2 protein chains.
Amino acid sequence: MPLVTFQPSGKVIEVKPDTSLLEAAKQADLEISTPCGTNRTCGKCIVRIISGSVDPKNEGLLSKKAIHDGYVHACKTSVTQSPVTIEIPESLKKKGQFADTSKDMEHLSPDLLPKPWQINPLTNKFHIHVPEPQAESGLSDLDRLSQSIKKEWGNKKVIFSMEVIRRLANTLRSQNGSVTIAMTQTTDHYRVIDIEPGNQTEKSYGVAIDIGTTTISIQLVAFPEAETLNTLTDYNEQVKCGIDIISRINYAQQRPERLAELRDKVLKTINHLINKTVKLHNIDTQKIYNCVVSGNTTMTHLLLGLNPEYIRLEPYIPTILEAPLTMASDIGLDIYPHALTFISPAVGSYVGGDITAGLLCSEIASDTDDVYLFIDIGTNGELAIGNRDFIMACACSAGPAFEGGGIQFGMRASKGAIEDVTIDAETGLAIYKTIANAKAEGICGSGIISLVAGLFQTEWIDSSGKLDQTRPSKAIQINGRQASYIIVSEEESSFGKPISINETEIENIIRAKAAIYSACALMLSQVELGFEDLKSIYIAGGFGHFLNLDNAITIGLLPDLPQEKFQYIGNSSLMGSTMALISTDFQQKLLELSRRITYIDLSTDPGYMDQYTAALFLPHTDASLFPSFKKS
Amino acid sequence: MPLVTFQPSGKVIEVKPDTSLLEAAKQADLEISTPCGTNRTCGKCIVRIISGSVDPKNEGLLSKKAIHDGYVHACKTSVTQSPVTIEIPESLKKKGQFADTSKDMEHLSPDLLPKPWQINPLTNKFHIHVPEPQAESGLSDLDRLSQSIKKEWGNKKVIFSMEVIRRLANTLRSQNGSVTIAMTQTTDHYRVIDIEPGNQTEKSYGVAIDIGTTTISIQLVAFPEAETLNTLTDYNEQVKCGIDIISRINYAQQRPERLAELRDKVLKTINHLINKTVKLHNIDTQKIYNCVVSGNTTMTHLLLGLNPEYIRLEPYIPTILEAPLTMASDIGLDIYPHALTFISPAVGSYVGGDITAGLLCSEIASDTDDVYLFIDIGTNGELAIGNRDFIMACACSAGPAFEGGGIQFGMRASKGAIEDVTIDAETGLAIYKTIANAKAEGICGSGIISLVAGLFQTEWIDSSGKLDQTRPSKAIQINGRQASYIIVSEEESSFGKPISINETEIENIIRAKAAIYSACALMLSQVELGFEDLKSIYIAGGFGHFLNLDNAITIGLLPDLPQEKFQYIGNSSLMGSTMALISTDFQQKLLELSRRITYIDLSTDPGYMDQYTAALFLPHTDASLFPSFKKS
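Described below are features of the structure shown in this document. Everything quoted here is computed from the prediction, not taken from an experiment.

1. Some words on the pattern of salt bridges
Oppositely charged side chains may form a pair once their charged atoms are brought near each other. All names here are of chain A. Using the criterion set out here, one finds 43 salt bridges over all chains in the structure. Put simply, Lys265 and Glu261 hold a salt bridge, and the shortest N to O gap is 3.1 Å. Note that Lys265 and Glu261 are positioned in helix H7 (residues 258-280) at a spacing of 4 residues, about one turn of the helix. Neither Lys265 nor Glu261 differs from the other in exposure class; each is buried. Linked by salt bridges that have partners in common, Lys125, Glu163, Arg167, Asp194, Glu196 and Lys287 make up one network.

Encoded structure:
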């Protein structure tokens, strides 16, 4: 069988003829990101043939120069009978940098956080004394432990995990009945999940997990103090199978074993993060007795191994919205196997537990008359609006444009990504800044927004996003009916090709911003309010950290309100999860909150299309909505 | 390493020098029974060296002739550096025959059995229709299934196994919401453990399991008719590790991994029986949704993997008496993994769930003024006495004499065992009958009782069990101060040695019968009743099937009452388990019954020693208690 050598790693594997280069890389355990979920549509899996012959089907997605230089699409190129050496460009497998979210919670209003007397995780450790065995009483070990628990905490049913029963006899007798139990208290029963000899109450931990479509963050908390020990983030391993939830769902449908593969991948990332975080503090994973997981509805389904197919099929009804408390071992989490995991409740197929958990970080969850707006800008934009009397939530498919998707040179916010662009009004040329000041490889979300804002402010594009072809500029290139804007010249790019954006792509960005803005406007109109009636707007999600507010208002993504009306709250899904981890009161609050939320399906709302169409201009067809907007 | 060849199987294995032959046989997966639990005390593990040299330590337990013929004790004989061939005599690994207990239930009073309207196993299958998904309702798949269940059976909490949630989306949609659920109903919640498309209610089974120290029986039941399909029995694989519960407990203590070994062994037997029984009816084990297990307290502990040590240590307090409903997968039973298993409640360390389940087969469990006695004669004798107002139970250590233990030529009731003996009054010679009319290899329980009864009736032994040495008989042999009775001559035995019983062994038998009789008498005296006040006496246990009543009364094992007062009920533990399997009403009845039972610890009862001492004669010191007794 032919050998495939991968550079720069030097890894060599043997594959069957006709294996795609993408599949070969997978077999070699090398990462090539495929945002489309190997649907063969994104054209991002570009690799370079160094030697040997292959069978490429480039289908016009690559420039002639690129093809000449040996670039091919890994998904569409197959190995022949002969050996081949290929290079995986660094940018295809490089990990990005993550916003430091560990301090996010300190910026929240203290009123929103659990009070010291609300520190009551679902499972607590208690040191108790169980009477010694006596012939007269005739009480078994289990009877005496049950009675001690009921005496201390009141008469409820006590459930024991088999593991506890198995260790009971020796543990009870090892220190004359002095034992520490890990116990879950619910409204109708106690559940004893662990037993240790003597007093071990100091060794108790919890982990909050935010499963994003792109990244996963976890936060380790020590009890009984509820002290946050650290926060770690990594890419969701599922990214290899598709960049957004729709591609993941499609990926899952393609072959029966893929649902399990997606579950394994998300568990791999989570368990890797858990094991990394416990090592930093020399903690045993078996002492993690509490866990709260928040994610969008698709992520939750994939974690639990539930078929996500019906999330994207009419009438868009998922298997679960409120998941039951589930044993860590049933999920596959690498913590104490009998720990019960709380999964933040979803409101609908497209408003998930990440949003309900995130709302805990906003005044919407508090007892107030003021109305607040909560926006989570990501691949899917999710919004909520409300106060003590009502909460409405909806999702709008902004598309992956703000995360670099659907744009030829779009990329994640990693090294070499253009994150900020200024346009020279005279020449129309771009002055750009890349992450880590590296050679430009592409453009990320904040770069895209500043680019469009800059082009619009300097009038190099008009309200509909069309490039001004009447003024001469080296930055503007015309191919037939389509005009492109060159951000980085062929010479300056790391890739041997100019980095550009075309009018269709600018249009996609306008669609994305219009989707979010119009969804906000529609929800407000339904309660007969305007943006000016909002007390504050929360911007959630990792994206918020890098967003330039002026640029966002300039393109009409966000409403034209004073800076102080906006509040970045960072990874609110993780923070809300931590609150629910620390306090069952907050789990209860989260459940009540989610049940109060009215889920609005924009696709069936007759007013939405009007609002959306009106927002398909820069900044908006109704200029009066953006009074402070001035062209430079 | 030296090779060990086993005959007649021809199996060859390589072992380390100094490995015992017993250990070598174990490694070769060959069975040598060791009633003492490899405590090196029973002297039963005799094998024959055919060729090669070994390092034996026979310590005088074998006759000179036997040693000359190459017989050694497998537990005390080690392999040296050289190869060796050994023969495992057939009798050491032969399986016995089991009483046919499949029809036992037909002999019970119909009043005791579940009525047709009481057929309500813990888990039932139901065919239901779940509404199709609708955008307007916003109800998840799980919500709609929950609502359908609550609508049909009332508003209780519904718990779902993760397996059900995982299959929910596709199963609900496969036949437009027509599904069959397997659901466990408890007082405070519903638990959905399985879901299938369409109507599958016909495919539902249950299994009742009686775990005896020596044998395990199972009964397969088909629902919804509650029809008994078949009954199978086999030796408890644990027998290899000790014949009685004390040797099993000792075995478990010797090395940490042995508790798991004992658990594996009992599960191996049970799962083997389950797989055998389902094959007979072409049933899938995954369709067994109900299970009831009854066994003595030690057997239950070993099945669940609980340390049994404290059962035999003062104050004799076990880990559990009433076990919680436990998932089959937590136990290791090869049935539907989420099936909840009901374990019959124990009353004390030595009155277990086999007795409480057995009592369901007696009038003691019914609403009656009449007083009944229930006796389970086995290695441990267990007794219960009572009516609607009171129930007392106790255990007496009869010792293994009635099962052939503690007697040099004692054996199980298998081929070649002497099961009946008549004594020629003149010559004192024995006329015996063996099982299957094979060459005599030893004597089993019923043989021992008929032997002692015969010797006593013909006055070859006196009331204290001493042999009459004043009359000449070829059957009596005197070795120093100890006299022995030859049952089978050297020539007639299959073993090349005479089969005999000595006075010490006869004394053991008298102790055993005295233990049981005096325990009955003591319990009666505590409620100021005599045997004559009993309405009936139930004889339970496999032993009862072979017991000759006249002989048992002659030796004073059973009280001198008319034949019609006695009722053999066979394997009442299995029958009671089946009743509880068929009907949760009977599980409830069993729990209530067990809570009503007063556990009497004979060892601390001051009156017991007097009663016991008085019973240490044939039939009793008080001859008036046995008025119908006449010497032949």
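2. Some thoughts on the packing of aromatic side chains
Within this structure, the stated rule accounts for 14 aromatic pairs over all chains. Plain terms: the ring middles of Tyr289 of chain B and Tyr336 of chain B are 5.2 Å apart, the flat faces sit at 50° to each other, and that makes the pair tilted. Pair noted here: Tyr289 of chain B is in strand E15 (residues 288-295) and Tyr336 of chain B is in the loop between helix H9 (328-331) and strand E17 (340-343), with a separation of 47 residues, a long-range link. Classification of Tyr289 of chain B by relative accessible area gives buried; the value is 0%. Over the face of the ring belonging to Tyr251 of chain A we find Arg258 of chain A, whose NZ or CZ atom lies 3.8 Å from the ring centre. The lysine or arginine in question, Arg173 of chain B, covers the ring of Tyr310 of chain A, its NZ or CZ lying 3.8 Å from the ring centre.

3. Some words on helix H15 (residues 584-596) of chain B
All names here are of chain B. Given a rise of 1.5 Å per residue, 13 residues ought to cover 18 Å, and the 18 Å separating the end C-alpha atoms of H15 matches this to within 8%. Those residues of H15 lying buried are Phe586, Gln587, Leu590, Leu591, Leu593 and Ser594. Down the axis of H15, the smallest arc covering the buried residues is 165°, so these residues share one side. Turning to H15, the residues buried within the fold contact E15, E17, helix H10 (353-359), strand E20 (391-396), helix H14 (572-582) and strand E29 (597-600). For H15, the N-terminal cap is Ser583; the gap from its side-chain oxygen to the backbone nitrogen of Asp585 is 3.2 Å.

4. Concerning the interface of chain A and chain B
Accessible area lost during the coming together of the parts is what is often quoted as the interface size. At the junction of the two partners, chain A supplies 38 residues and chain B supplies 37 residues. Between Asp188 of chain A and Lys157 of chain B there is a salt bridge whose closest N-O contact spans 3.9 Å. The interface formed by chain A and chain B holds 18 residue pairs in polar contact (both at pLDDT 80 or more) in total. Among the secondary structure elements, those contributing two or more residues to the side of chain A that touches chain B are helix H4 (141-153), helix H5 (162-174) and helix H9 (328-331) of chain A. Broken down by element, the residue count for the side of chain A that touches chain B peaks at 7 residues, all from H5 of chain A. In terms of residue class, the side of chain A that touches chain B is built from 18 nonpolar, 9 polar and 11 charged.

5. Re the relation of the copies chain A and chain B
Mapping chain A onto chain B leaves a residual RMSD of 0.2 Å; the transformation is a rotation of 180° accompanied by 0.1 Å of translation along its axis. What we have between these two chains is a two-fold relation. The C-alpha atom lying nearest the rotation axis in chain A is that of Asp188 of chain A; the distance is 4.5 Å. A symmetric contact is evident, with 97% of the interface residues of chain A recurring at the interface of chain B.

6. Observations regarding unusual backbone geometry
Cis rather than trans, the peptide bond between Phe223 of chain A and Pro224 of chain A has omega equal to 5°. Locating Pro224 of chain A in the fold gives a position in the loop between strand E13 (215-223) and strand E14 (227-235). Phi angles above zero are rare outside glycine, and Ala226 of chain A is one such case at about 60°. Classification of Ala226 of chain A as buried rests on a relative accessible area of 14%. Unusually for a residue other than glycine, Asn176 of chain B sits at a positive phi of about 55°. Relative to the helices and strands, Asn176 of chain B is located in the loop between helix H5 (162-174) and strand E10 (178-185).

7. Structural notes on the packing of helix H6 (residues 245-254) of chain A against H7 of chain A
Residues and elements named next belong to chain A. Interaxial distance between H6 and H7 falls to 6 Å at its minimum, and their mutual angle equals 130°. As the angle between them shows, H6 and H7 are arranged oblique. Facing H6, whose interface residues are Arg248, Tyr251, Ala252 and Gln254, H7 presents Arg258, Leu259, Glu261 and Leu262. For the contact of H6 with H7, the per-class residue count stands at 4 nonpolar, 1 polar and 3 charged.

8. Quick look at the sheet that holds strand E24 (residues 476-479) of chain A
Note: strands within a sheet are paired through backbone hydrogen bonds, in either parallel or antiparallel orientation. Residues and elements named next belong to chain A. Within the open sheet, the 3 strands sit side by side as E24-E25-E26. Their pairing is antiparallel. The open sheet is flanked by E24 and strand E26 (499-502), the only strands paired with a single partner. For this sheet the average axis-to-axis angle between neighbouring strands, irrespective of direction, equals 35°. Pairing geometry for strand E25 (residues 482-488) and E26, over 4 bridges, is antiparallel. Along E26, the bridge assignment pairs Tyr485 with Ile501. Against the sheet, helix H12 (residues 503-526) touches E25 and E26, its axis set at about 70° to E26.

9. Digging into the side chain of Ser349 of chain A
Relative to the assigned elements, Ser349 of chain A resides in the loop between strand E17 (340-343) and helix H10 (353-359). In this structure, Ser349 of chain A is in contact with Thr297, Ile311, Tyr316, Ile317, Pro318 and Tyr599 of chain A, ignoring residues within four places of it in sequence.

10. Considerations on the sheet that holds strand E18 (residues 371-376) of chain B
Residues and elements named next belong to chain B. Taken in spatial order, the 6 strands of this open sheet run E28-E27-E18-E19-E20-E29, and their pairing is mixed. Taken across any chain shown, the strands that pair with only one partner, and hence form the sheet edges, are strand E28 (566-570) and E29. The average undirected angle you get between the axes of adjacent strands in this sheet is 20°. For E20 and E29, the ladder comprises 4 bridges, and the chain directions are parallel. The partner of Ile391 across the bridge, within E29, is Ile597.

11. Some thoughts on the pairing of strand E9 (residues 157-160) of chain B
Residues and elements named next belong to chain B. The two faces of E9 differ: Val158 and Phe160 on one face are buried, but Lys157 and Ile159 on the other face are not. Pairing analysis gives 4 bridges linking E9 to strand E11 (residues 189-197), with the strands arranged parallel. Within E11, the position partnered with Ile159 by the bridge is Arg191.

12. Some details on the packing of H14 of chain B against H15 of chain B
Residue and element names in this part refer to chain B. Contact geometry of H14 with H15 gives a least axis separation of 5 Å together with a crossing angle of 125°. In terms of orientation, H14 and H15 fall into the oblique class. Contacts between H14 and H15 involve Met579, Ala580 and Ile582 from the first element and Thr584, Phe586, Gln587 and Leu590 from the second. Classifying every residue of the contact of H14 with H15 by side-chain character gives 5 nonpolar, 2 polar and no charged.

13. As for the pairing of strand E18 (residues 371-376) of chain A
All names here are of chain A. Burial within E18 is extensive, with 6 of its 6 residues counted as buried. Along E18, one buried face is formed by Val371, Leu373 and Ile375 and the opposite face, lined by Tyr372, Phe374 and Asp376, is buried too. As paired strands, E18 and strand E27 (residues 534-540) are joined by 6 bridges and run parallel to one another. Residue pairing in the sheet places Asp376 in a bridge with Ala540 of E27. Hairpin connection between E18 and strand E19 (residues 381-386): a loop of 4 residues separates the two successive antiparallel strands.

The rules behind the values
Residues numbered from 1 in each chain as written. Chains lettered and ligands numbered in written order. Predicted model: local features only at pLDDT ≥ 70, side-chain atom pairs only at ≥ 80, totals over all residues. Heavy atoms only, no water. Salt bridge = Lys/Arg side-chain N within 4 Å of Asp/Glu carboxyl O. Helix = DSSP H or I, 4+ residues; strand = E, 2+ residues; numbered from the N terminus. Buried < 20%, exposed > 50% of the residue type's maximum accessible area, 1.4 Å probe, protein only. Phe/Tyr/Trp six-rings, centres within 6.5 Å; stacked < 30°, edge-to-face > 60°. Lys NZ or Arg CZ within 6 Å of the ring centre and 35° of its normal. Expected span 1.5 Å × (residues − 1). Arc of directions from axis to C-beta. Contact = heavy atoms within 4.5 Å. Polar contact = N/O pair within 3.5 Å; in protein donor to acceptor, adjacent residues only side chain to side chain. Nonpolar A, V, L, I, M, F, W, Y, C, P; charged D, E, K, R; others polar. Least-squares fit on C-alpha atoms with pLDDT ≥ 70 in both. Axes fitted to C-alpha atoms, helices over the stretch in contact; angles between N-to-C directions. Parallel < 35°, antiparallel > 145°, perpendicular 65-115°, else oblique. Pairing = 2+ DSSP bridges.

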